[in-house]
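Here is how the chains run, residue by residue.
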2 protein chains.
Amino acid sequence: MLENITVAQLKSMTLKELLALCEEAREVITATVLKNGGHLSSNLGTVELTVALYYVFDFPKDKLVFDVGHQCYTHKLLSGRYDRFETLRQKGGISGFPKREESEYDCYNVGHAGTSVSAALGIGKARDIKGEDYNVIALVGDGSFNNGLIYEAFNSLRLINTNILLILNDNGMSIAPTVGSMHEYLEILCETAERKEKNDRHAKIFERFGFRYDGVYDGNNLEKMIEKLSEIKESLKRESVILHVVTKKGKGYSFCEDNPEATHGISHGNNVETEYSEILGKTLINLAEKDNRIVAVTAAMTSSLGLSEFFEKYPNRSMDVGICEEHATILCASMAAEGLKPYYAVYSTFLQRSFDEIVIDICSQNLPVTLCIDRAGISGADGETHQGVFDLSFLSMIPNLTIAVPKDVKEFEEFLRFSVDYSAPLAIRYPRSGKKLLGEHSAVILGKWETLVRGDGKYAVIACGERMLDLAMSAAEKLGQSGVKISVINARFVKPLDEDLLNSLSEKHIITLEDNMLLGGFGALLDVYFSESEKIIKNFAYTDKFISQGSVSELMDELEVNSEALVDYVIKNENR
Amino acid sequence: MLENITVAQLKSMTLKELLALCEEAREVITATVLKNGGHLSSNLGTVELTVALYYVFDFPKDKLVFDVGHQCYTHKLLSGRYDRFETLRQKGGISGFPKREESEYDCYNVGHAGTSVSAALGIGKARDIKGEDYNVIALVGDGSFNNGLIYEAFNSLRLINTNILLILNDNGMSIAPTVGSMHEYLEILCETAERKEKNDRHAKIFERFGFRYDGVYDGNNLEKMIEKLSEIKESLKRESVILHVVTKKGKGYSFCEDNPEATHGISHGNNVETEYSEILGKTLINLAEKDNRIVAVTAAMTSSLGLSEFFEKYPNRSMDVGICEEHATILCASMAAEGLKPYYAVYSTFLQRSFDEIVIDICSQNLPVTLCIDRAGISGADGETHQGVFDLSFLSMIPNLTIAVPKDVKEFEEFLRFSVDYSAPLAIRYPRSGKKLLGEHSAVILGKWETLVRGDGKYAVIACGERMLDLAMSAAEKLGQSGVKISVINARFVKPLDEDLLNSLSEKHIITLEDNMLLGGFGALLDVYFSESEKIIKNFAYTDKFISQGSVSELMDELEVNSEALVDYVIKNENR
């Protein structure tokens, strides 16, 4: 039924047919995600809600803005992308997130939390200014409701003076269970849902901001959703409405229903590699035993960052503040100001939210916060909004910040040990998982690099991070077979640079390799360092374009940051 | 009385003496700010409140965290800085903001809005973890209450499980009058203050988050403040409290009371220069007359950005959303997604808050938002937290973004005209004011630079922005007198680079000049561009340190980015 379905056909279906459509969507989503990876339980929870939205509203004329985008699969299936759905998250395939380039039904790209209400207000305002007539709907999970952006948008609803429908999809979860007072408040609203008057009284917060509040309803009840949305649609001409619905994360797939956190994101492929997050968790526990200054802070992803056990063991020294990356950063800075040793663990892409606080709160005060930056470098199938390829650039420009990039999980552990007594801001960036250990392991000394291969050839390859060193080592081996002996240097610290080592390379050309954008990155630091000399430096890094979805190796090949490109370059220029 | 006053002395004073102390503080602040520049009306409003805090609490054992820091002058006078207060905001003098390096009474540095509650929670939590015993107080203006960070901190109060006192200093103003629903809500609390029961009912929002709310009181009534703070101090062992006080911005100085926005910040020195903000306002009005897609967005500083008249003329196409920089950025992106042409005007330093939204919402969607970045480069007396010296670095690393730096106010106007039909993200950065027009003015062509001086010498100086070109032109003149003929090129676009022009300079050494950090900045882009060649490039830019307060020229001299340094370099290397 789902195949080739048009919006017009959907609108003419009976309830029974629509329910069958829901089941089919659920099957397609489950089968596809189990094959390709992706967001499963969040998408299974919103099937009925999405079908009801399509039944009641007129997309793409009406605009549906997602928050984060972990709930958009049914929407993709209903808007002409069934045929290509099997390419979900694959290179060249359809995105796991809303994407304007992909369909006119995707009106606004998202990926990071809390943006949908602001975007819906902007779209609504644009509609009013242009004198057009359509509905704007923001679909927001309760996890995003912790984010300050939601509040900023709420605060300006009356100012902006436009009408939107905000559907609060309350499943009690971010990736982890939702935390905080707003969550407790939403629970009170749920508990009082049956007692209209009491519920109304509690709902006053939303009314303060200018919304009419309507809730709580079962978002998995298709008939009820159609009824409610039809009713609200009529009122959107004159008011903004919050529709509070409760859905079951993982709905219809009992394994997901029972394990919503574990099945929030499904990884594709086998995992024989060591997760850096595992090392983070174990090492921090170990260090915290001996040092009671150590505290850990996360923003709604404790488990995927490897810190669940730490949180259990040290509840008083660990804080998951929900999707509040800026607040988390300041908490760390202020605890450091009072003599504690805070570790803020976060994915590279979400650290972007804390840029100003890293500059002002952590670095301008020179406070000993350690940023543990997971999923750095190309992260793969999530695409543009989730690649961790900017951090070396936006961090290396900040004074007082030391940046470390371990060559493997063991060196990561050494960096963590090093961090304990390091009395200034420190960032350690690493990918999700590591393949193997690389060479000897010596104690970390601030700003000192490590020469892994000494070659008498013309080129010294300076690389940071496991992926890049792996690639350099394999190039060295291949080149060695042709008699070309390159040196390979592990740039454990991106900042400060090992100037002694760099100066000792005066006879050599330099090649840099990094899992980051070219501009502002590690290679660029070397280009600046040598700007006044005639040094020839070749930078392998990602060119100045957003990086779409695909596997890590597919994307690195496409961007020509791989062993073959390195070998080719050296051979071509060996006689230069 | 204020001279050499100790905290112990203050605590033994009678009310009458304390009131006299307040008047003395007010006089010192007014006299100093009128001489040195600084924040006047906000500081005059909080004299009594600060004296009461010192009377009741035990600083520096107790911790006082400011928000933004525009209210800290009395605190500085009371904590041993009376003697040096005349050096306020001067090079080497005391800072206009709280600064840990300056005094143990300054427990946390601030400058950007909304951070104080997070910081107070972190400090409170650190106290609890260390098993220590002191009080933590956050002093927040109502303008900051719009910022999402406040909400994120509120949301986690119970989670973090520590007790703080939050003093909400409500003067109805950010720099501009406070806007938004939270402001309206605070007004309701003020209006119902006399009717306890009604006020209690309205105060429920704060109680949801775990605070006891106590308000509204006259923050300029010293006796009342002492009474209230003494009472609350006792309860801080068992709960967190919001104390809501109303103060009069500019209190005690009638000119300020009547002109709170104009006297929020007092500029030091005479102003014969043209303000870029004036050009922005005039030109946008002009353009908007012919193009109804144009909308303007600000975050609480409409007037200082030059947009008051635009806002009056086009109320439906202009939005001041309060201190909500992230939200403002997404509003622009989403309106652009619907075909409008949004201009987001903002100070360089506050744009840092929008970094993630510039990357994800504007640039990854390639939407035609124009960022009008005022106070770029060294901004002077406000010091570390307000220098606009990072923007070229954090912007140039973002794909799809074009960056323009006008050489003078007339070229700024041309860039604004250029922007209207430019269909991709554009950033235009400029200092507060300009001295003069520089050479001819030709139409702007994307990515094309302009040669201002053609010299047959060895050096081509490529500079961006008025300050740097001014410096280059005067160096060219001086060098010309010694027979050294340098070329001077106006790099109107920092991105994209004018590759044709760069390639035409193959016989020359290059010198870059920019009002920005060295790392990741304009010069670094050239270093990367020429990395594989033997090109010699000298970058004049700011070294990798935070830049303290001082006048623009003092700081540029200290950082050795000035005409003399440029002349010296060329002469020294002319025969290289």
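Since the model is a prediction, treat every value here as computed from it, not as a measurement.

Draft legend 1. Region of the structure containing the overall build of chain A. For chain A, the count of helices and strands is 25 helices and 21 strands. Since a compact globule built from 576 residues should have a radius of gyration of about 25 Å, the 26 Å found for chain A is in line with a globular shape. Here the C-alpha coordinates of chain A stretch approximately 75 × 55 × 45 Å along the principal axes. Here chain A holds 576 residues, and 69% of them are scored as buried.

Draft legend 2. Local environment of the packing of helix H21 (residues 466–481) of chain A against helix H25 (residues 563–573) of chain A. Residue and element names in this part refer to chain A. At a minimum axis distance of 9 Å, the contact between H21 and H25 shows a crossing angle of 45°. By the angle class used here, H21 and H25 are oblique. For H21 against H25, the interelement crossing comes out right-handed. Taking contact as the criterion, the partners of Leu471, Ala472, Ser474, Ala475, Lys478 and Leu479 in H21 are, on H25, Ser563, Glu564, Leu566, Val567, Val570 and Ile571. Within the contact of H21 with H25, the residues separate by chemical class into 8 nonpolar, 2 polar and 2 charged.

Draft legend 3. View of unusual backbone geometry. Residue and element names in this part refer to chain A. Residue Pro60 follows Phe59 across a cis peptide bond; omega there is 5°. Relative to the assigned elements, Pro60 resides in the loop between helix H4 (47–56) and strand S2 (63–66). Along the chain, Lys495 connects to Pro496 via a cis peptide bond; the corresponding omega equals 0°. The topology assignment puts Pro496 in the loop between strand S19 (493–495) and helix H22 (499–503). Although it is not a glycine, Asn161 sits at a positive phi angle of roughly 60°. Its place among the elements puts Asn161 in the loop between helix H8 (157–160) and strand S4 (165–170).

Draft legend 4. View of the relation of the copies chain B and chain A. Least-squares fitting of chain B to chain A yields an RMSD of 0.0 Å, with the superposition described by an axial translation of 0.0 Å and a rotation of 180°. Taken together, the rotation and translation relating the two chain copies correspond to the operation of a two-fold axis. Residue by residue, 100% of the interface of chain B is reproduced at the interface of chain A, so both copies engage with the same surface.

Draft legend 5. Geometry of the interface of chain B and chain A. With 108 residues of chain B in contact, the opposing surface of chain A contributes 108 residues. When chain B packs against chain A, close to 9100 Å² is buried across both sides, 60% of that on carbon and sulfur atoms. Taken together, the links from chain B to chain A amount to 14 salt bridges. Among the salt bridges present, the one from Glu326 of chain B reaches Arg353 of chain A, with a minimum N-O distance of 3.8 Å. The class makeup of the residues in the side of chain B that touches chain A is 52 nonpolar, 30 polar and 26 charged.

Draft legend 6. Structural view of the sheet that holds strand S2 (residues 63–66) of chain B. Residue and element names in this part refer to chain B. Sheet architecture is open: 5 strands sit in the order S2-S3-S4-S6-S5, paired in parallel fashion. Every other strand in the sheet has two partners, leaving S2 and strand S5 (211–218) as the edge strands with one partner each. In this sheet, neighbouring strand axes are inclined to one another by 20° on average, regardless of whether the strands run parallel or antiparallel. Most of the contacts of helix H12 (residues 222–235) go to S5, to which it runs at about 170°, and overall it touches strand S4 (165–170), S5 and strand S6 (240–246).

Draft legend 7. Structural context of helix H21 (residues 466–481) of chain B. The terminal C-alpha atoms of H21 of chain B lie 23 Å apart, and with 16 residues this matches the ideal 22 Å at 1.5 Å per residue to within 8%. Looking only at H21 of chain B, the buried set comprises Glu466, Met468, Leu469, Leu471, Ala472, Ala475, Ala476 and Leu479 of chain B.

Draft legend 8. Representation of the packing of helix H7 (residues 148–155) of chain A against helix H9 (residues 181–191) of chain B within the structure. Two elements in contact, H7 of chain A and H9 of chain B, have axes whose closest approach is 7 Å; the angle formed by their N-to-C orientations is 70°. When the axis of H7 of chain A is compared with that of H9 of chain B, the two are roughly perpendicular. Where H7 of chain A approaches H9 of chain B, its residues Tyr151, Phe154 and Asn155 of chain A are matched on the opposing element by Ser181, Met182 and His183 of chain B. For the contact of H7 of chain A with H9 of chain B, the per-class residue count stands at 3 nonpolar, 3 polar and no charged.

Draft legend 9. Structural context of the side chain of Ser563 of chain A. Residue and element names in this part refer to chain A. Mapped onto the secondary structure, Ser563 falls in helix H25. Within the structure, Ser563 has its side chain in polar contact with the side chain of Lys478 (distance 3.1 Å). Discounting chain neighbours no more than four positions away, the residues touching Ser563 are Leu471, Ser474, Ala475 and Lys478.

Draft legend 10. Expanded view of the pairing of strand S18 (residues 487–490) of chain B. Residue and element names in this part refer to chain B. Along S18, one buried face is formed by Ser487 and Ile489 and the opposite face, lined by Val488 and Asn490, is buried too. As paired strands, strand S16 (residues 450–453) and S18 are joined by 3 bridges and run antiparallel to one another. Bridge pairing links Val453 to Val488 in S18. Direction of pairing for strand S17 (residues 459–463) relative to S18: parallel, over a ladder of 4 bridges. Within S18, the residue paired with Ala460 across the bridge is Ser487.

Draft legend 11. Here's a closer look at the pattern of salt bridges. Residue and element names in this part refer to chain A. Under the definition given, this model contains 84 salt bridges over all chains. A salt bridge links Asp382 to Arg89; the shortest N-O distance between them is 2.5 Å. On the criterion of sequence distance, the pair formed by Asp382 in the loop between strand S12 (370–374) and helix H19 (391–396) and Arg89 in the loop between helix H5 (73–78) and helix H6 (116–130) is long-range, its members being 293 residues apart. A salt bridge links Arg375 to Asp374, with the shortest nitrogen-to-oxygen separation between them at 3.2 Å. The class of Asp374 is buried, set by a relative accessible area of 0%. What emerges from the salt-bridge pattern is a single network uniting Arg212, Asp214, Lys228, Glu231 and Glu239.

Draft legend 12. Region of the structure containing the side chain of Gln71 of chain B. By secondary structure assignment, the location of Gln71 of chain B is in the loop between S2 and helix H5 (73–78). What Gln71 of chain B contacts, discounting residues up to four positions off in sequence, is Ser42, Asn43, Thr46, Thr50, Phe66, Leu139, Gly141 and Asn169 of chain B.

Draft legend 13. Summary view of the packing of aromatic side chains. All chains considered together, the criterion is met by 56 aromatic pairs over all chains. Relative to Phe493 of chain B, the ring of Phe418 of chain B has its centre 5.9 Å away and its plane inclined at 70°; by these criteria the two rings are edge-to-face. With Phe418 of chain B in helix H20 (residues 409–420) and Phe493 of chain B in strand S19 (residues 493–495), the pair connects residues that are 75 residues apart, well separated along the chain. Taken individually, Phe418 of chain B and Phe493 of chain B each receive the classification buried, so the pair is uniform in this respect. Above the plane of the ring of Phe540 of chain A lies Lys538 of chain A, whose end atom (NZ or CZ) is 5.0 Å from the centre.

Draft legend 14. Representation of helix H2 (residues 15–36) of chain B within the structure. Residues and elements named next belong to chain B. Under the 1.5 Å per step criterion, the end-to-end length of H2 is 31 Å for 22 residues, consistent within 8% with the ideal 32 Å. Considered for burial, the residues of H2 that qualify are Leu18, Leu21, Cys22, Glu24, Ala25, Arg26, Val28, Ile29, Thr30, Thr32, Val33 and Asn36. Gly37 sits one or two residues past H2 and shows a positive phi near 80°.

Draft legend 15. Just the state of the cysteines, in detail. Residues and elements named next belong to chain A. Summed over all chains, the structure comprises 0 disulfides over all chains. Looking at the unpaired Cys72, the closest cysteine sulfur is the one in Cys107, lying at 12 Å. The structure places no disulfide on Cys332, whose sulfur is separated from the nearest cysteine sulfur, that of Cys372, by 9.4 Å. The buried category is assigned to Cys332, whose relative accessible area is 0%.

Draft legend 16. Structural view of the environment of Gly96 of chain B. Residue and element names in this part refer to chain B. Secondary-structure assignment places Gly96 in the loop between H5 and helix H6 (116–130). Sequence-wise, Gly96 and Ile537 are 441 residues apart; in three dimensions their C-alpha atoms are separated by 38 Å. Gly96 has contacts with Gly69, Cys72, Tyr73, Leu88, Arg89 and Gln549, leaving out every residue within four places of it along the chain.

Cut-offs applied
- Residues numbered from 1 in each chain as written.
- Chains lettered and ligands numbered in written order.
- Predicted model: local features only at pLDDT ≥ 70, side-chain atom pairs only at ≥ 80, totals over all residues.
- Heavy atoms only, no water.
- Helix = DSSP H or I, 4+ residues; strand = E, 2+ residues; numbered from the N terminus.
- Rg over C-alpha atoms; globule rule 2.2 N^0.38 Å.
- Buried < 20%, exposed > 50% of the residue type's maximum accessible area, 1.4 Å probe, protein only.
- Axes fitted to C-alpha atoms, helices over the stretch in contact; angles between N-to-C directions.
- Parallel < 35°, antiparallel > 145°, perpendicular 65-115°, else oblique.
- Left-handed = near helix turned anticlockwise from the far one by under 90°.
- Contact = heavy atoms within 4.5 Å.
- Nonpolar A, V, L, I, M, F, W, Y, C, P; charged D, E, K, R; others polar.
- Least-squares fit on C-alpha atoms with pLDDT ≥ 70 in both.
- Buried area = accessible area lost by both parts, 1.4 Å probe.
- Salt bridge = Lys/Arg side-chain N within 4 Å of Asp/Glu carboxyl O.
- Pairing = 2+ DSSP bridges.
- Expected span 1.5 Å × (residues − 1).
- Polar contact = N/O pair within 3.5 Å; in protein donor to acceptor, adjacent residues only side chain to side chain.
- Phe/Tyr/Trp six-rings, centres within 6.5 Å; stacked < 30°, edge-to-face > 60°.
- Lys NZ or Arg CZ within 6 Å of the ring centre and 35° of its normal.
- Disulfide = S-S within 2.5 Å.

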